[in-house]
Amino acid sequence: MKSKVGTVLLSGLIAGILDIIISILIYAVILQNTTATKILQSIASGIFKQDAYSGDPKMTFYGLVFHFIIAISFALFYFIIYPYIPFIKNNVIISGIVYGIFVWIIMNLVVLPIVFPILPAKSLDFPLLLSILILIFCIGIPIAYITKKYYNK
């Protein structure tokens with residue numbers, strides 16, 4: 001990627017695509033805990049609250065749009081901080097792992113509690129570890145790799 005905007009968009013879109021596909025595959029197809037539509041409606045519910053579950057197909061679309069806005073925002077943040085933090089320049093895998101954990105922390109301990117004041121308590125179990133692994137491999141590492149590639153050109 002030759003441009004800053006293109007790099008951020010590419011890394012955000014790839015991360016967003018990987019994250020939503022893996023989330024749907026794991027939670028809707030393999031574990032059968034939910035459906036793809038409900039995953040996207042739950043994302044839309046951050047803005048539209050209970051109306052997101054009304055059955056309006058636009059809510060599923062809005063959930064997908066919000067998902068990509070969030071992914072691109074995390075890609076932008078990483079791109080901005082990259083030149084200032086020597087640690088993340090040295091190892092793509094380790095910085096991607098750390099960034100995936102950072103994304104999980106921000107989403108689960110900051111954003112979700114603000115958007116949804118009443119959330120179930122979190123415990124260190126398989127679902128929690130799985131959600132962290134998804135963010136590491138689908139968000140953290142791809143964003144770290146694409147950003148490093150831009151800065152090393």
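Above this text you will find the structure in question.
What comes next is a walk through the structure. (Residues numbered from 1 in each chain as written. Predicted model: local features only at pLDDT ≥ 70, side-chain atom pairs only at ≥ 80, totals over all residues. Heavy atoms only, no water.)

### Thoughts on the overall build of the protein chain
Here is step 1 of the chain: Within the protein chain, the secondary structure is distributed over six helices and zero strands.
Here is step 2 of the chain: In sequence order, the secondary structure elements of the protein chain are arranged as α-α-α-α-α-α.
Here is step 3 of the chain: Here the C-alpha radius of gyration of the protein chain, 16 Å, is about what a compact globule of 153 residues would show, namely 15 Å.
Here is step 4 of the chain: With the principal axes as the frame, the protein chain shows a C-alpha extent of 45 × 35 × 30 Å.
Here is step 5 of the chain: The buried share among the 153 residues of the protein chain stands at 38%.
Here is step 6 of the chain: Within the protein chain, residue pairs in contact and separated by at least 24 positions form 65% of the contacts whose partners lie at least 6 positions apart.
Here is step 7 of the chain: For the protein chain, the computed accessible surface area is about 8,900 Å², with 74% contributed by carbon and sulfur atoms. (Helix = DSSP H or I, 4+ residues; strand = E, 2+ residues; numbered from the N terminus. Rg over C-alpha atoms; globule rule 2.2 N^0.38 Å. Buried < 20%, exposed > 50% of the residue type's maximum accessible area, 1.4 Å probe, protein only. Contact = heavy atoms within 4.5 Å. Areas by Shrake-Rupley, 256 points an atom, 1.4 Å probe, with all protein chains shown as cover.)

### Things to note about helix α1 (residues 4-30)
Here is step 1 of the chain: Over its 27 residues, α1 runs 37 Å from end to end, which matches the ideal 39 Å to within 8%, given 1.5 Å per residue.
Here is step 2 of the chain: Structurally, the start of α1 carries an N-cap: the backbone nitrogen of G6 is 2.9 Å from a side-chain oxygen of S3.
Here is step 3 of the chain: After α1 finishes, the residue Q32 shows a positive phi value of roughly 50 degrees. (Expected span 1.5 Å × (residues − 1). Polar contact = N/O pair within 3.5 Å; in protein donor to acceptor, adjacent residues only side chain to side chain.)

### Digging into the layout of surface pockets
Left-over empty space is what a probe sized like a water molecule reveals as it rolls over the atoms.
Here is step 1 of the chain: Its boundaries defined by the atoms lining it, the largest pocket holds a volume of some 1,500 Å³.
Here is step 2 of the chain: What lines the largest pocket is a set of 42 residues, and nearest its centre among them are S42, I43, N108, L112 and S131.
Here is step 3 of the chain: At the level of elements, α1, α2 (36-48), α3 (57-81), α5 (92-115) and α6 (126-151) are the ones that each hand at least two residues to the lining of the largest pocket.
Here is step 4 of the chain: Partitioned by chemical class, the residues of the lining of the largest pocket number 28 nonpolar, 10 polar and four charged. (1 Å grid on protein atoms, 1.4 Å probe; cavity = no way out; pocket = protein on both sides within 12 Å on 5 of 7 lines; lining within 4 Å. Points joined across faces, edges and corners; volume = space filled by probe spheres on them. Nonpolar A, V, L, I, M, F, W, Y, C, P; charged D, E, K, R; others polar.)

### With respect to the side chain of T147
Here is step 1 of the chain: Locating T147 in the fold gives a position in helix α6.
Here is step 2 of the chain: Judged by its relative accessible area of 0%, T147 falls in the buried class.
Here is step 3 of the chain: Separated by 2.8 Å, the side chain of T147 and the backbone oxygen of I143 make a polar contact.
Here is step 4 of the chain: Those residues within four positions of T147 in sequence are excluded, and the remaining contacts are T7, Y78, F79 and Y82.

### Description of α6
Here is step 1 of the chain: Taking 1.5 Å of rise per residue, the 26 residues of α6 would be expected to cover 38 Å, and the 36 Å separating its terminal C-alpha atoms lies within 8% of that figure.
Here is step 2 of the chain: Its maximal kink placed at I136, α6 deviates by approximately 35 degrees. (Bend = angle between axes of the 7 residues up to and from the residue.)

### Brief notes about the packing of aromatic side chains
Here is step 1 of the chain: Scanning all chains against the criterion turns up 13 aromatic pairs.
Here is step 2 of the chain: A centroid spacing of 4.8 Å and a plane angle of 65 degrees characterise the contact between Y78 and Y99, whose relative ring orientation is edge-to-face. Of this pair, Y78 sits in helix α3 while Y99 sits in helix α5, and the two are 21 residues apart along the sequence. Here the two residues Y78 and Y99 agree in accessibility, since each one is buried.
Here is step 3 of the chain: Ring centres of F79 and Y150 lie 5.1 Å apart, and the angle between their planes is 55 degrees; this geometry places the pair in the tilted category. Taken together, the positions of F79 in helix α3 and Y150 in helix α6 put the pair 71 residues apart, joining distant regions of the chain. An identical accessibility class is assigned to F79 and Y150; each is buried.
Here is step 4 of the chain: Through pairs of rings, three or more aromatic residues link up here, namely F74, F77, Y78, F79, Y82, Y99, F102, Y150 and Y151.
Here is step 5 of the chain: Positioned over the ring face of F116 is K49, at 5.5 Å from the centre of the ring. (Phe/Tyr/Trp six-rings, centres within 6.5 Å; stacked < 30°, edge-to-face > 60°. Lys NZ or Arg CZ within 6 Å of the ring centre and 35° of its normal.)

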